[in-house]
Amino acid sequence: MSRIVHAILPDHPRILVDCDGVLADFVTPCLEKVFALTGKRFHHDDVKEWEVPIAVGLTPEQSAAVYKAMEVKGLCRNAQAYPGARDTLDWMRKRGYEVLAVTKPFGGEHWVHERDAWLIAEMGFHKHEIQHARMKEAVVGDVLIEDSGENLRKWVAAMPEGKGVMIPREYNAADAWTGPRKSLGRDLIEWLDWELAHRRYG
Ligand SMILES: [Mg+2]
């Protein structure tokens, strides 16, 4: 464990958890806006690339229009949780891990406070545990759980003794990330327990 993290967190490993693509389904509401714009219906696992509208064949201009349409009131607050999201967080909390949400704000006037409200009401976070961060590599922790390979690479570069883990989704299956990929639930918890015990006592 790095000295800086060890100094801050001797006994309570800090787990950083991304929100979109990990806890909250960003793809489905995005595809709803694709449908509203184009009349074409797609489903979550049709999306095989990072940029959802581009992945389903829209132009960059249409893509910008879809993202703009997602800035409406209520969209972020009404996000659907991925199966196992809340249980996985609660298992981590019961183990004594410090769990922080680290989430990059999307655009518009409603996103940030609706994201706070969602994470508190649906995912059991306290407000101080929610970090709205455009640079996740600026947030200190022992583990980062993410769906973005780019974010994982930047964070691990900044936190060389930290561990990154990717939540597998169709749209990140081709990502160059060579570290672990673990699904929400027991698979992820068992990996965390092993890594953190090894790092504390190993
Ligand atoms: Mg994400």
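Position labels on residues start from 1 in each chain and follow its written sequence. Owing to the predicted nature of the model, reporting of local features is limited to residues with pLDDT of at least 70; listing and counting of side-chain atom pairs is limited to 80 or more, with chain, interface and lining totals taken over all residues.

Peer 1: Explanation requested: the environment of Asn-78 in the structure shown.
Peer 2: Relative to the helices and strands, Asn-78 resides in the loop between α4 (60-69) and α5 (85-94). In this structure Asn-78 comes out as exposed when scored by C-beta crowding, with 10 C-beta atoms within 10 Å. Along the backbone, Asn-78 and Val-52 are 26 residues apart, and their C-alpha atoms lie at a distance of 19 Å. Helix and strand definitions follow DSSP, with helices as H or I runs of at least four residues and strands as E runs of at least two, each counted in order from the N terminus. With C-beta atoms placed from the backbone, the exposure class of a residue follows from how many other C-beta atoms lie within 10 Å of its own: 20 or more, buried; 12 or fewer, exposed; in between, partly exposed.

Peer 1: Would you mind showing me how to read the domain arrangement of the chain here?
Peer 2: Buried accessible area, meaning the area lost when the parts come together, often serves as the stated size of an interface. What marks off one domain from the next here is an automatic or database domain assignment. Segmentation of the chain into domains returns domain 1 (5-25 + 79-201) and domain 2 (27-69). The centre of domain 1, based on its C-alpha atoms, is set 25 Å off from the matching centre of domain 2. By the criterion used throughout, residues are in contact when their C-beta atoms, derived from the backbone, lie within 7 Å. If you look at the interface, domain 1 gives six residues, while domain 2 gives 11 residues. The nonpolar class holds Ala, Val, Leu, Ile, Met, Phe, Trp, Tyr, Cys and Pro. Asp, Glu, Lys and Arg form the charged class, and all remaining residues, Gly among them, are polar. When grouped by side-chain class, the residues that make up the side of domain 1 that touches domain 2 number two nonpolar, two polar and two charged.

Peer 1: Honestly, the packing of helix α2 (residues 27-38) against α4 in this entry has me stumped. Any pointers?
Peer 2: Any two packed helices are characterised by how steeply their axes cross, that is the angle between the axes, and by the distance between the axes. Their axes nearest at 9 Å, the elements α2 and α4 cross at an angle of 120 degrees. Overall, the two elements α2 and α4 adopt an arrangement that is oblique. The way α2 lies across α4 gives a crossing that is right-handed. Of α4, the residues touching α2 (which contributes Cys-30, Lys-33, Val-34, Ala-36 and Leu-37) are Gln-62, Ala-65, Val-66 and Ala-69. Looking at the contact of α2 with α4 residue by residue, the class counts come to seven nonpolar, one polar and one charged. Helix axes are fitted to C-alpha atoms over the stretch in contact, other axes to C-alpha atoms as well, and angles between N-to-C directions run from 0 to 180 degrees. Roughly parallel refers to an angle under 35 degrees, roughly antiparallel to one over 145, roughly perpendicular to one between 65 and 115, and oblique to any angle outside these ranges. Rotating anticlockwise by less than a right angle from the far helix to the near helix defines a left-handed crossing, while the corresponding clockwise rotation defines a right-handed one.

Peer 1: Just to check I follow, could you spell out the pairing of strand β2 (residues 98-103) for this structure?
Peer 2: Look at any regular strand and the pattern is simple: side chains alternate between the two faces of the sheet. Of all six residues in β2, five are buried; the element is thus mostly enclosed. For two strands to pair, DSSP has to find at least two bridges joining them. Across four bridges, the pairing between strand β1 (residues 14-17) and β2 is parallel. Looking at the pairing, Arg-14 lines up with Glu-98 of β2. Note that β2 and strand β3 (residues 130-132) share three bridges and pair parallel. Across the sheet, residue Ala-101 finds its bridge partner in β3, namely Ile-130. Crossover handedness is defined here as right-handed if the route from the first strand over the helix to the second strand goes clockwise, with the strands pointing away from the viewer. In terms of handedness, the path from β2 via helix α6 (residues 111-123) over to β3 forms a crossover that is right-handed.

Peer 1: It is not clear to me how the sheet that holds β1 should be interpreted in this structure. Could you clarify?
Peer 2: Judged by pairing direction, the sheet is parallel, and its five strands sit side by side in the order β3-β2-β1-β4-β5 without closing on themselves. Every other strand in the sheet has two partners, leaving β3 and β5 (163-166) as the edge strands with one partner each. Adjacent strand axes in the sheet meet at a mean angle of 20 degrees when their direction is disregarded. Packed onto the sheet, helix α7 (residues 149-158) meets β4 (143-146) and β5 and runs at close to 175 degrees relative to β5.

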